[in-house]
Amino acid sequence: MSLVYAGVCSHAPGITGRADMIEDTAQRDRLYAAFEAQRKDIEASGAQALIVVAAEHFANFFMNNMPAFCIGVGDTHEGPIEDPDWLKIPKTTIPGHKDLATRITSHVMQSVDVAYAEEWKCDHGIMVPLHFLTPKFQLPVIPVNINCQGPPLTPLPRAWAFGKALRAACDAMPEKVALVGTGGISHWPATPDSGKINEAWDREFLDRLSRQDQAALLSYTDEQTYAEAGQGGFEIRTLITAAAAAGGRGSIDFYEPIPLFAVGCTIGKFALS
Amino acid sequence: MSLYQVQKFLYHLNRDDKVKAAYHSDLVTLLADYELTQEEQHALTEGDVGKLYVIGVNGQILMHFAALLGIEWFDYLERMREGVRQHGPVRDGVYAMTGGGASFTSSSNNNSKPTGAHQ
Ligand SMILES: [Fe+2]
């Protein structure tokens, strides 16, 4: 039928893995409630599959063969690759949607040179969102990756074009499809500076995202982002793709910097237009 | 240059349960497939997170490796700082320490002892 939901969320491993170490449990619970509201929104949309536009951390792709974009077209996916005790998410098999994912890939290929993969392992970048958005792993998931890790990275204007292509593909399908872009805004994860968050930068980015300000969103250079938002800021690609897919204004339902979780935790959704 | 090989090994290790099993049973044979300097080989064999961080291993790859080794969160962050103190700044990649070694996690959350593994 079409794209029926588009949103964004965080995926930092601390959100689940370090949840019981947090002092301000009320703050954690507010984040979890926002995730639960997003789950309900997706459920209410009637979505038959969930596209997760992610920024993986070397679960499938390495610098021997790094695609700018890849769509997972397998019947099933596996995850997490990380120690389940560390992430606090057990290893599981996630249902895919081979038929729909293949049709979407064929459609996207008309305008963006996307790779596809019939094998997919999920790291925290997909497992954390799924843990909240389909806790029993019942909703078929179509994983999508944008290279935010191995420079040279996917250019922001291409991430925008990819979002448009995903939207056109979804709208050409008979199924109802939801899409979530998941990435950090400013953060310095997996460095000794973990917990550093540039809240002002985040709020400016989220404002541009919510306003669908394409020119302002695509004007960030990687050098600026690295200096002001850390290497974790490279993941804004996933959020930009989600905005482009949605087309309508965004609303940020939750944003709070949580240093223990190493990111300004964010939940938002877009109008579809 | 062999940083690529170090990361490739850790990439395989982090994502493949069979490689994880071999890591514990026959690390020497496993590492023979990669072109490593002595320094890199030693750091991998010892699970020296601080040295691997300074060598320039991508932080995400290193974080998953530290989790595999069962290193507690604040200990892991401290081992990277200690690596910089001992071996100098990060030599490659985009995961350099930019905060001067300070902790950005509130100290109230940071009361675990920076030693040992969590199990
Ligand atoms: Fe990430």
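Scroll up a little and you will see the structure.
A few points on the structure.

Conventions we followed
- Residues numbered from 1 in each chain as written.
- Chains lettered and ligands numbered in written order.
- Predicted model: local features only at pLDDT ≥ 70, side-chain atom pairs only at ≥ 80, totals over all residues.
- Heavy atoms only, no water.
- Helix = DSSP H or I, 4+ residues; strand = E, 2+ residues; numbered from the N terminus.
- Buried < 20%, exposed > 50% of the residue type's maximum accessible area, 1.4 Å probe, protein only.
- Areas by Shrake-Rupley, 256 points an atom, 1.4 Å probe, with all protein chains shown as cover.
- Lys, Arg positive; Asp, Glu negative; His and termini not counted.
- Charge placed at Lys NZ, Arg CZ, Asp CG, Glu CD.
- Donors = N, O, S within 2.8 Å, 3.2 Å for Na, K, Ca; no water.
- Core = buried A, V, L, I, M, F, W, Y, C linked by side-chain atoms within 4.5 Å.
- Contact = heavy atoms within 4.5 Å.
- Axes fitted to C-alpha atoms, helices over the stretch in contact; angles between N-to-C directions.
- Parallel < 35°, antiparallel > 145°, perpendicular 65-115°, else oblique.
- Left-handed = near helix turned anticlockwise from the far one by under 90°.
- Nonpolar A, V, L, I, M, F, W, Y, C, P; charged D, E, K, R; others polar.
- Salt bridge = Lys/Arg side-chain N within 4 Å of Asp/Glu carboxyl O.
- Pairing = 2+ DSSP bridges.
- Phe/Tyr/Trp six-rings, centres within 6.5 Å; stacked < 30°, edge-to-face > 60°.

Overview of the overall build of chain A
And step 1. For chain A, the helix and strand inventory stands at 10 helices and 10 strands.
And step 2. Dimensions of chain A, computed from C-alpha atoms along their principal axes, come out at roughly 45 × 40 × 40 Å.
And step 3. A total of 273 residues make up chain A; the buried ones form 65% of that total.
And step 4. Carbon and sulfur atoms form 51% of the exposed surface of chain A, whose accessible area is close to 9200 Å².
And step 5. Chain A carries 22 positive and 32 negative side-chain charges, and their two centres are separated by 5 Å.

Regarding the coordination of the iron ion
All names here are of chain A.
And step 1. Of the protein atoms, only His11 (NE2), His57 (NE2) and Glu235 (OE) coordinate the iron ion, at distances of 1.9 to 2.1 Å.
And step 2. Look at where the donors of the iron ion fall in the sequence and you get H-x45-H-x177-E. On the criterion of sequence distance, the pair formed by His11 in the loop between β1 (2-9) and α1 (14-17) and His57 in the loop between β2 (49-54) and β3 (69-72) is long-range, its members being 46 residues apart. With respect to class, His11 is no different from His57; both count as buried.

Remarks on the nonpolar core
Considering soluble globular proteins, one finds that nonpolar side chains tend to be buried as a cluster.
And step 1. Counting 81 residues, the largest nonpolar core has Ile15(A), Leu31(A), Ile42(A), Phe9(B), Leu10(B), Leu52(B) and Tyr76(B) as its most contacted members.
And step 2. If near-sequence neighbours (up to four positions away) are discounted, Phe9(B) is found in contact with Tyr23(B), Leu27(B), Leu30(B), Leu31(B), Tyr34(B) and Leu44(B).
And step 3. Counting residues in each nonpolar core, the second largest holds 53 residues, with Leu3(A), Ile185(A), Phe234(A) and Ala244(A) among its members.

Remarks on the packing of helix α7 (residues 199-210) of chain A against helix α10 (residues 236-246) of chain A
Residue and element names in this part refer to chain A.
And step 1. Running from N to C, α7 and α10 cross one another at 20°; their axes reach a closest spacing of 10 Å. The angle between the axes of α7 and α10 places the two elements in the roughly parallel class. Seen along the crossing, α7 lies across α10 with a hand that is right-handed. Between α7 and α10, the contacting residues are Trp201, Phe205 and Leu209 on the first element and Ile236, Leu239, Ile240 and Ala243 on the second.
And step 2. For the contact of α7 with α10, the residue count by class is seven nonpolar, no polar and no charged.

What about the pattern of salt bridges?
And step 1. For the coordinates displayed, the defined rule picks out 22 salt bridges over all chains.
And step 2. Among the ionic pairs, Lys98(A) bridges to Glu118(A), the shortest N-O distance being 2.9 Å. Remark: Glu118(A) occurs in the loop between β6 (115-117) and α5 (124-133) and Lys98(A) occurs in helix α4 (residues 98-108); sequence separation between them is 20 residues.
And step 3. Overall, Glu118(A) belongs to the partly exposed group, its relative accessible area being 47%.
And step 4. The salt bridge involving Asp207(A) is made with Arg211(A); its shortest N-O contact spans 2.9 Å.
And step 5. Among the ionic contacts, a cluster of salt bridges with common partners joins Glu78(B), Arg81(B), Glu82(B) and Arg85(B).

Side note on the pairing of strand β9 (residues 247-258) of chain A
All names here are of chain A.
And step 1. Where β9 meets strand β10 (residues 263-272), nine bridges bridge the pair, whose relative direction is antiparallel. Paired with Gly250 across the two strands is Phe270, which belongs to β10.
And step 2. Connecting β9 to the next strand, β10, in antiparallel fashion are four residues, including Ala262 with a positive phi near 70°.

Some thoughts on α10(A)
Residues and elements named next belong to chain A.
And step 1. Taken across its 11 residues, α10 has 11 buried, putting it largely inside the fold.
And step 2. Along α10, the residues classified as buried are Ile236, Arg237, Thr238, Leu239, Ile240, Thr241, Ala242, Ala243, Ala244, Ala245 and Ala246.
And step 3. Gly247 sits one or two residues past α10 and shows a positive phi near 85°.

Re the packing of aromatic side chains
Ring pairs (aromatic) are described by centroid distance and by the angle formed between their planes.
And step 1. Counted by the stated rule, this structure contains 14 aromatic pairs over all chains.
And step 2. Here the aromatic rings of Trp201(A) and Phe205(A) are separated by 6.1 Å at their centres, their planes lie at 5°, and the arrangement is stacked. On the criterion of helical spacing, the pair formed by Trp201(A) and Phe205(A) is a turn pair, its members being four residues apart in helix α7.
And step 3. Classification of Phe205(A) by relative accessible area gives buried; the value is 0%.
And step 4. Three or more aromatic residues link up through ring pairs in this structure, and these residues are Phe58(A), Phe62(A), Tyr4(B) and Tyr11(B).

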